[in-house]
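Architecture at a glance
What follows is each chain in one-letter form.
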Amino acid sequence: MGVSNWNVAGEEMCPHRLVLEHVTSRWGVLILIALDERSYRFSELRRHVGRVSEKMLAQTLQTLERDGLVHRDAKPVIPPRVDYSLTELGREAAEQVKALSAWTDRRMDDVQEARRAYDEARS
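Residues numbered from 1 in each chain as written. Predicted model: local features only at pLDDT ≥ 70, side-chain atom pairs only at ≥ 80, totals over all residues. Heavy atoms only, no water.

1. Some remarks on the pattern of salt bridges
- This model, assessed by the stated rule, comprises ten salt bridges.
- Among the ionic pairs, K75 bridges to D73, the shortest N-O distance being 2.5 Å.
- Look at D73 and you get partly exposed, because its relative accessible area is 29%.
- The partner of E95 in a salt bridge is K98, with the nearest N and O atoms 3.6 Å apart. Within this pair, E95 and its partner K98 are both found in helix α6 (residues 88–121), separated by three residues, close to a single helical turn.
- Taking the relative accessible area as the measure of exposure, E95 reaches 41% and is therefore partly exposed.
- Three or more residues joined by partner-sharing salt bridges are found here, namely D73, K75, R81 and D83. (Salt bridge = Lys/Arg side-chain N within 4 Å of Asp/Glu carboxyl O. Buried < 20%, exposed > 50% of the residue type's maximum accessible area, 1.4 Å probe, protein only. Helix = DSSP H or I, 4+ residues; strand = E, 2+ residues; numbered from the N terminus.)

2. Observations regarding the side chain of D83
- The topology assignment puts D83 in strand β3 (residues 81–86).
- What makes D83 buried here is its relative accessible area of 10%.
- Of the polar contacts made by the side chain of D83, one reaches the side chain of R81; its length is 3.0 Å.
- For D83, the residues in contact, after removing those within four places along its chain, are Y40, R41, H71, R72, D73 and K75. (Polar contact = N/O pair within 3.5 Å; in protein donor to acceptor, adjacent residues only side chain to side chain. Contact = heavy atoms within 4.5 Å.)

3. Focus: the packing of aromatic side chains
- Going through the model one piece at a time under the given rule, you end up with zero aromatic pairs.
- It is R38 that lies over the ring of Y40; its NZ or CZ is 3.9 Å from the centre.
- Over the ring of Y118 we find R122; its NZ or CZ atom is 3.7 Å from the centre of that ring. (Phe/Tyr/Trp six-rings, centres within 6.5 Å; stacked < 30°, edge-to-face > 60°. Lys NZ or Arg CZ within 6 Å of the ring centre and 35° of its normal.)

4. Structural notes on the layout of surface pockets
- Taken as a whole, the second largest pocket holds about 180 Å³ of empty space.
- What lines the second largest pocket is H22, S25, R26, W27, M56, Q59, T60, T63 and L64.
- Those elements giving two or more residues to the lining of the second largest pocket turn out to be α3 (26–37) and α5 (54–66). (1 Å grid on protein atoms, 1.4 Å probe; cavity = no way out; pocket = protein on both sides within 12 Å on 5 of 7 lines; lining within 4 Å. Points joined across faces, edges and corners; volume = space filled by probe spheres on them.)

5. Comments concerning the packing of α3 against α5
- The N-to-C vectors of α3 and α5 enclose an angle of 70°; their axes lie 10 Å apart at closest approach. On the basis of the axis angle, α3 is roughly perpendicular to α5. Seen from α3, the contacting residues are W27, G28, I31 and L35; seen from α5, they are M56, L57, T60, L61 and L64.
- Of the residues belonging to the contact of α3 with α5, the class tally is seven nonpolar, two polar and no charged. (Axes fitted to C-alpha atoms, helices over the stretch in contact; angles between N-to-C directions. Parallel < 35°, antiparallel > 145°, perpendicular 65-115°, else oblique. Nonpolar A, V, L, I, M, F, W, Y, C, P; charged D, E, K, R; others polar.)

In structure tokens form, the structure reads like this:
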């Protein structure tokens, strides 16, 4: 079964899970948070997010656009200019992701302490 067939089958089986995976993926989270600040051109977004390949950024943006979270605005100028921004739906998703990110910032010391205790108990 090809990847595109698997994705279609996955959507039919559990569309909620698939959208959740898109929004909470490594790059999806960072893209949503960045675009919640302002719109970006592709190269600007890549620099802002950091360490993401062009291919992965393009795939993630396409996925988020397909889900209705990202708007791609291609301007007919030379050289071509494409801007990415959040849709209203995307802004809602970004707010949820930012809340989780803020929680992580607030609770990171507790997570690290839990990890230390876990590791010590198993060594």
